[in-house]
Amino acid sequence: MTYTVIGTKTSRTFRVLWALEELGLDYAWNDDAPRSDAVRALSPNGKVPVLVDGDTSLTDSTAIMQYLADKHGGLTFAAGTIERAKQDGFTHFVLDELDATLWTAARHSFILPKDKRVPEVKDSLKWEFQLSVDELMRRMGDGPYLMGDTMTVADIIAAHCGNWAFTAKFPQDNADFAAYCKRLRSREAFQRVKNA
């Protein structure tokens, strides 16, 4: 089975490509930009990534990764287990506290129309991001991954947010988070996507 992933690597599409590499799955990648005709044909709002599986198109990086993880039995704990509930807790925390903060900063930097941007909000977002990183590391414990010895979808999202924060010049004051992100970036699957 071969999946098709659509979206630029500088977007959340990277997460899906990384998950596919971690899972050892075959896929084709189309480097189409958000809101392009090719993307809008499969994702009416024009957002990426898009995963094409047979006749079905799936959107939202987290939904796609969790679907692939569940279907192929990797990067996840089984649904209905306490471990999966804890994993989902990490996933939602990272999305709510890291990803959403970075996305709001991006919107007020270059996405929203200029007359709708509030650049002053970014200082508050950077402060909030740092608090959330500290809490994430407190919850993680000894690691090396959020769920102990098992890497999950939540780790891909968290490390991607760490990279995004670096690019966006967000604070990088938590040494444990920096080491965690470095450890994940050193994985062969990450490097294959980065260098593709």
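Look a little higher up for the structure.
Here goes a summary of the coordinates provided. Model, not experiment: these values are computed from the prediction.

Moving on: the overall build of the protein chain. The helix and strand tally for the protein chain stands at eight helices and four strands. The N-to-C order of helical and strand elements in the protein chain reads β-α-β-α-β-β-α-α-α-α-α-α. Expected size for 196 residues packed as a compact globule is a radius of gyration near 16 Å; at 17 Å, the protein chain falls within 12% of this value. Expressed as lengths along the three principal axes of its C-alpha atoms, the size of the protein chain is roughly 45 × 45 × 35 Å. Counting only residues that meet the buried cut, the protein chain has 44% of its 196 residues in that class. In the protein chain, of all internal contacts separated by at least 6 residues, the share reaching a separation of at least 24 is 64%. Carbon and sulfur atoms form 51% of the exposed surface of the protein chain, whose accessible area is close to 10,100 Å². Placing the 24 positive and 27 negative side-chain charges of the protein chain at their respective mean positions leaves the two points 6 Å apart.

The alternating pattern of strand 3 (residues 50–53) places V50 and V52 on one face and L51 and D53 on the opposite face, and all of these are buried. Looking at chain direction, strand 1 (residues 2–6) and strand 3 are connected through three bridges and run antiparallel. Residue pairing across strands places T4 opposite V52, the latter belonging to strand 3. Relative to strand 4 (residues 56–59), strand 3 runs antiparallel, the two sharing four bridges. Bridge pairing in strand 4 places L51 opposite L58. The loop that links strand 3 with its antiparallel partner strand 4 comprises two residues; one of these, G54, has a positive phi angle of about 65 degrees.

To continue, consider unusual backbone geometry. Cis geometry marks the peptide bond from V48 to P49, where omega comes out at 5 degrees. Here P49 is to be found in the loop between helix 2 (37–40) and strand 3. In this model, R35 sits at a positive phi of 65 degrees, which is unusual for a non-glycine residue. Of the residues examined, R35 reaches a relative accessible area of 54% and is grouped as exposed. Phi is positive for D60, which is not a glycine, with a value near 80 degrees. In this structure, D60 sits in the loop between strand 4 and helix 3 (61–72). Here D60 falls in the partly exposed class, since its relative accessible area comes to 46%.

Procedures and definitions
Residues numbered from 1 in each chain as written. Predicted model: local features only at pLDDT ≥ 70, side-chain atom pairs only at ≥ 80, totals over all residues. Heavy atoms only, no water. Helix = DSSP H or I, 4+ residues; strand = E, 2+ residues; numbered from the N terminus. Rg over C-alpha atoms; globule rule 2.2 N^0.38 Å. Buried < 20%, exposed > 50% of the residue type's maximum accessible area, 1.4 Å probe, protein only. Contact = heavy atoms within 4.5 Å. Areas by Shrake-Rupley, 256 points an atom, 1.4 Å probe, with all protein chains shown as cover. Lys, Arg positive; Asp, Glu negative; His and termini not counted. Charge placed at Lys NZ, Arg CZ, Asp CG, Glu CD. Pairing = 2+ DSSP bridges.

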